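Coordinate analysis (summary)
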Amino acid sequence: MSRVHLVNPSTTSFGVAVITPRWLYVLAAATGSRWGDPRIVDETLEALDISTIEPGDVVGIGIHTGNARRGYEIGREVRRRGAWVVFGGIHATLFPDEAVEHGRAHAVVRGDGDVIWSRVVEDCLSGQPNAVYEGGRVAGDQFMSARWDLLPNGRYMWASVQTVRGCPKHCSFCSVWRTDGQEPRQRGVDRVIREIVELRRLGFRFIALADDNFYPVTFGDLAQAKRRADGSRLHELEALRAERFALMAQLAELPDDLVFYTQITMEAAEDPAFLRAMRRAKIRGALVGVESVTAAGLKDVYKGFNLSGDELVTRLRAFRRHDIHVLGSFIFGLPSDTKDTFNATVALAERADLTFAQFVLLTPFPGTVDFEKWAADEKGRGRLVDGVPLTQHWLIPEDRRPRLYTAHPTMSLEEIRLGTQRAWDRFYSWRHVWTRSRVVESIRARIAFVLISKLYRQMYANTGIATDSARVQRSARWARWIGYACRRLFLGKPMPDLAIPGEQLEPTFN
Ligand code: SF4
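These figures come from a predicted structure and were not determined experimentally.

What follows concerns the overall build of the chain. On a plain count of helices and strands, the chain comes out with 18 helices and 17 strands. Taken over C-alpha atoms, the radius of gyration comes to 23 Å for the chain, in line with the 24 Å a tight globule of 510 residues would show. Projecting the C-alpha coordinates of the chain onto the three principal axes gives extents of approximately 65 × 65 × 60 Å. Nonlocal contacts in the chain, meaning residues at least 24 apart in sequence, comprise 76% of its contacts between residues at least 6 apart. By element, 52% of the accessible surface of the chain is carried by carbon and sulfur atoms, the whole surface being about 22600 Å². The positive charge centre, built from 69 side chains, and the negative charge centre, built from 61, are 5 Å apart in the chain.

Here it is in structure tokens:
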């Protein structure tokens, strides 16, 4: 009988991974049971064994820009073996024709796969897939719960659950607001809680709330809606906000050893009631897109709603005052950056009590406003690398791919790359990491903190910025080693009898 395979492509396999790629387990649920359980392959753990693909199987490959090239390679290989090749994910949504040309796709799913996926599988297995399926943006009550029973044992440190899709902002380097939309689509509280309880039963204590923006309604949005003569928008926003609080109240009822982490705009710090509710809900960490520490840098990325300078420090510290640890994300290579920006950014990250930080290079990703502007200019120049136009940089072999694409008014690209590398080196130096590890109490927890900081740095900094392939390989080996050492720290004792708050656990007879 033909089987369904779901593949998350990656050129680097670490053996263990930090966060479960949620989409794999959601599409596994969406596949249904008619064709048996799908076979899930996450190449961040280990590479696909091509011999497992039989003629007539259906292979779903999910791609974003970063792993599109590896995804296309898999598509070509599995098609040679006579399987049905289907691409989905944000990159395939943007470039369905490219998935056909480079990945030999029989079909491409655009948008959300939750509802449409089972039809795609059925059409493939009856030999008549459409070239394109429009999955669209499904409503919050149609988001699928994931098939967590298919997870391999002990390979992931964090599980992931989604509570809201879409973000009302419009940052120039981000494609989320264009692909997932600006209208937040919230998932019912009961369904979110049910999934989290299922994960805790399995032994997961650390759960990422994999949302585009956990704070989708700001005070500014409410004030603007209040000024409208028609009150319907205000009601909608108030309902969205009330649902966030209802979700957090339910999370607060779950076992105390759970730890949640989410992504949020720094505006949440304006709202002490929200921060207190987050803390009660055990949301102990948040990725905050700080992007730049200067007003000019924020203007560069259309993120005027962020603060800069001392006000920024105060705002970020508000999270820490509420015992919420911030992973601050910064972009280097903005037109207004200077040679002083690197040190100034690290100094601010330290002053603002950030627990973790990431420093990324400005990259024009498809689907963003930045990409459109850059690609329009770049087309005129017509530069090629290995015969591939720079405007399709994701198709260039990884070791030949430039690390930066936009000429800078005052710095060379190499200066920006080295400045970024130095920022990682300084923020994650042994001394600084050990000092920051004071956020936890016991020596064991401090050692865990140090290992996790180093792991984060090895996985994301050295493999992403380095141009030297020996360094990349060494980092991957280190990350694998630390990953194995760390993973046990994250797992809890399974709680198979954990009840859903407000519900009685069904009796089992065995
Ligand atoms: S960067 Fe964050 S805040 Fe900006 S549009 Fe993307 S998800 Fe929204």
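On to the pattern of salt bridges, then. For the coordinates displayed, the defined rule picks out 32 salt bridges. Among the ionic pairs, Glu-195 bridges to Arg-22, the shortest N-O distance being 2.8 Å. With a gap of 173 residues between them, Glu-195 in helix H7 (residues 189-202) and Arg-22 in helix H1 (residues 22-31) connect regions that are remote in the sequence. Note that Lys-303 and Glu-291 form a salt bridge whose closest N and O atoms lie 2.8 Å from each other. In this pair, Lys-303 is assigned in the loop between helix H11 (295-300) and helix H12 (309-321) and Glu-291 in strand E13 (residues 283-291), connecting sequence segments twelve residues apart. Taken together, the shared-partner salt bridges in this structure form one network comprising Asp-112, Asp-114, Arg-165 and Arg-185.

It is worth spelling out the site of the ligand at this point. Around the ligand, the surrounding shell consists of Cys-167, Lys-169, Cys-171, Phe-173, Cys-174, Trp-177, Asp-212, Thr-265 and Lys-303. Taken together, the residues of the shell around the ligand break down into five nonpolar, one polar and three charged.

Right, let's talk about a nonpolar patch on the surface for a bit. A cluster of nonpolar side chains, namely Trp-434, Ile-443 and Ile-447, defines an oily patch on the protein surface of about 300 Å² accessible area. A relative accessible area of 45% means that Ile-447 is categorised as partly exposed.

Before going further, it helps to spend a moment on the sheet that holds strand E11 (residues 206-209). Spatially, E2-E8-E11-E12-E13-E14-E15 is the arrangement adopted by the seven strands of the open sheet, whose pairing is parallel. In this open sheet, the two strands that pair with only one neighbour each are strand E2 (17-19) and strand E15 (356-361). Mean inter-strand twist for the sheet, computed between neighbouring axes without regard to direction, equals 25°. The sheet contact formed by strand E12 (residues 259-264) and E13 spans five bridges and is parallel. Pairing of Thr-262 across the sheet is with Ala-286, part of E13. Here H12 sits on the sheet and contacts E12, E13 and strand E14 (325-332); the angle it forms with E13, its principal contact strand, is near 165°.

Moving on: the packing of aromatic side chains. In total, this model carries 24 aromatic pairs according to the counting rule given. Judged by centre distance (4.8 Å) and plane angle (65°), the rings of Phe-332 and Phe-342 are edge-to-face. Placement of the pair is Phe-332 in strand E14 and Phe-342 in helix H13 (residues 341-351), with a sequence separation of ten residues. The exposure classification of Phe-332 matches that of Phe-342, with both residues buried. Considering the side-chain rings of Phe-371 and Trp-394, the 6.0 Å spacing of their centres and the 45° angle between planes classify their relative orientation as tilted. Taken together, the positions of Phe-371 in helix H14 (residues 369-381) and Trp-394 in the loop between strand E17 (388-389) and helix H15 (413-427) put the pair 23 residues apart, joining distant regions of the chain. This pair shows no difference in class: Phe-371 is buried, exactly as Trp-394 is.

Rules of the game
The residue numbering used here restarts from 1 in each chain and proceeds along that chain's sequence as written. Restriction of local features to residues with pLDDT of at least 70 applies here, the model being predicted, together with a cutoff of 80 or more for giving and counting side-chain atom pairs; totals for whole chains, interfaces and linings are based on all residues. To get the side-chain values, take all heavy atoms of the structure and skip hydrogens and water. The helix count covers DSSP runs of H or I at least four residues long, the strand count covers runs of E at least two residues long, and both are numbered beginning at the N terminus. In this setup the radius of gyration rests on C-alpha atoms only. A globule is expected at 2.2 Å times the number of residues raised to 0.38. In what follows, a contact means two residues having at least one pair of non-hydrogen atoms within 4.5 Å. Surface exposure here means Shrake-Rupley accessible area, sampled with a 1.4 Å probe, where a residue is shielded only by the protein chains that are shown. Charged residues are defined here as Lys and Arg on the positive side and Asp and Glu on the negative side; His and the ends of the chain fall outside this count. Here the site of a charge means NZ on Lys, CZ on Arg, CG on Asp, or CD on Glu. What counts as a salt bridge is simple: a side-chain nitrogen of Lys or Arg found within 4 Å of a carboxyl oxygen of Asp or Glu. A single heavy atom is enough: if one lies within 4 Å of a molecule or strand, its residue is considered near that molecule or strand. When residues are grouped by polarity, Ala, Val, Leu, Ile, Met, Phe, Trp, Tyr, Cys and Pro land in nonpolar, Asp, Glu, Lys and Arg in charged, and all others, Gly among them, in polar. Exposure above 30% relative accessible area and the lack of any salt bridge qualify a residue for a patch; like charges then connect within 9 Å, and the nonpolar side chains Val, Leu, Ile, Met, Phe, Trp and Tyr within 5 Å. Burial classification: accessible surface area is computed with a 1.4 Å probe over protein chains only, and a residue below 20% of its type maximum counts as buried, one above 50% as exposed, and the rest as partly exposed. By definition, two strands form a pair when at least two bridges between them are found by DSSP. Comment: axis = line fitted to C-alpha atoms, over the contacting stretch for helices; angle = value between 0 and 180 degrees taken between N-to-C directions. Within 6.5 Å between ring centres, the rings of Phe, Tyr and Trp (the latter by its six-membered ring) count as paired, and their orientation is classed by plane angle as stacked under 30 degrees, edge-to-face over 60, tilted in between.

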